[in-house]
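# Close look at the chain arrangement
Here's the letter readout for the chains.
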Amino acid sequence: MASTNSTPPPTVETLAAQELADRMLKAARRLDDLAADIRRAAAEITAGGDTAKVNGDPVRVSYARAAARVINAVGATVANMSLGALATAAAEADNARGEGR
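Residues numbered from 1 in each chain as written. Predicted model: local features only at pLDDT ≥ 70, side-chain atom pairs only at ≥ 80, totals over all residues. Heavy atoms only, no water.

The next subject is the overall build of the chain. Regarding its fold elements, the chain presents 3 helices and 2 strands. A total of 101 residues make up the chain; the buried ones form 14% of that total. Across the chain, every contact between residues at least 6 apart in sequence was considered, and the portion connecting residues at least 24 apart equals 61%. Approximately 7600 Å² of the chain is accessible, and the part contributed by carbon and sulfur atoms is 57%. (Helix = DSSP H or I, 4+ residues; strand = E, 2+ residues; numbered from the N terminus. Buried < 20%, exposed > 50% of the residue type's maximum accessible area, 1.4 Å probe, protein only. Contact = heavy atoms within 4.5 Å. Areas by Shrake-Rupley, 256 points an atom, 1.4 Å probe, with all protein chains shown as cover.)

Let's shift gears to the environment of glycine 98. Checked against the element boundaries, glycine 98 lands in helix H3 (residues 83-99). Put simply, glycine 98 and glutamate 13 are 85 residues apart on the chain and 9.0 Å apart in space, counted from C-alpha to C-alpha.

Below, the discussion takes up a nonpolar patch on the surface. Together, Leu31, Ile38, Val74, Val78 and Leu83 make up a nonpolar patch on the protein surface, roughly 330 Å² of accessible area in all. On the secondary structure map, leucine 31 appears in helix H1 (residues 12-46). (Patch = residues over 30% accessible without salt bridge, like charges linked within 9 Å, V, L, I, M, F, W, Y side chains within 5 Å. Salt bridge = Lys/Arg side-chain N within 4 Å of Asp/Glu carboxyl O.)

All right, on to the side chain of threonine 77 then. When you line up the elements, threonine 77 lands in helix H2 (residues 63-79). Setting aside its immediate chain neighbours within four residues, threonine 77 contacts Arg30 and Leu34.

One can describe the packing of H1 onto H2 by two numbers: an axis separation of 10 Å at closest approach and a directional angle of 180 degrees. Here H1 lies roughly antiparallel to H2, going by the angle between them. Along its contact with H1, which presents Arg30, Leu34, Ile38, Ala41, Glu44 and Ile45, the element H2 presents Tyr63, Ala66, Arg69, Val70, Ala73, Val74 and Thr77. Here the contact of H1 with H2 is composed, by residue class, of 9 nonpolar, 1 polar and 3 charged. (Axes fitted to C-alpha atoms, helices over the stretch in contact; angles between N-to-C directions. Parallel < 35°, antiparallel > 145°, perpendicular 65-115°, else oblique. Nonpolar A, V, L, I, M, F, W, Y, C, P; charged D, E, K, R; others polar.)

One way to put it is that H1 packs onto H3 with a least axis distance of 8 Å and a crossing angle of 160 degrees. Considered as vectors, H1 and H3 are oriented roughly antiparallel to each other. The two elements H1 and H3 meet at a crossing, and its hand is left-handed. From H1, Val12, Glu13, Ala16, Ala17, Leu20, Arg23 and Met24 reach across to H3, where they touch Ala85, Leu86, Ala89, Ala90, Glu92, Ala93, Ala96 and Arg97. Looking at side-chain class alone, the contact of H1 with H3 contains 11 nonpolar, no polar and 4 charged residues. (Left-handed = near helix turned anticlockwise from the far one by under 90°.)

Taken as a whole, this structure holds 4 salt bridges when the rule is applied. Across the pair arginine 23 and glutamate 19 runs a salt bridge, and its minimum N-O distance is 2.8 Å. Of this pair, arginine 23 and glutamate 19 both sit in helix H1, separated by 4 residues, roughly a single helical turn. Taking the shortest distance from any N to any O, the salt bridge between aspartate 37 and arginine 40 comes out at 2.2 Å. With aspartate 37 and arginine 40 both in helix H1, this residue pair falls 3 residues apart, about one helical turn. Assessed through its relative accessible area of 48%, arginine 40 is described here as partly exposed.

Remember, this is a structural readout, not a statement about activity or role.
Printed below as a string of C-alpha cells:
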C-alpha cells in the first residue's frame, strides 16, 4: 500500500540549518549559565566580599582572586564550546543551499 504522507522529506539544507540552529542554542544556554555564575560572583562581592572555608573557618578571598575565578570560568567555557562546530555546521548549510539539496 502506498504511503499517504504528502509531506516531502526535509531537504539537506533544512536539516543542516536545523543542526546549526541547535548548536547556536546550545552555545546560548552555556553562555546564559556562565552569565548567571558571573552575576552570582558579583553579588557575593557587593554583599561584603567573597568568602571561602579554610580549615572550617570563613576566610575572605581577595577581589583579584574572585575576578580570576570569573576570568578562568569564561576562558574554560568558551574553550569547551566547540565553536568550530558552528562554523562547520554553517558551511554545510551554505553548501547544501548552494547545491540546491
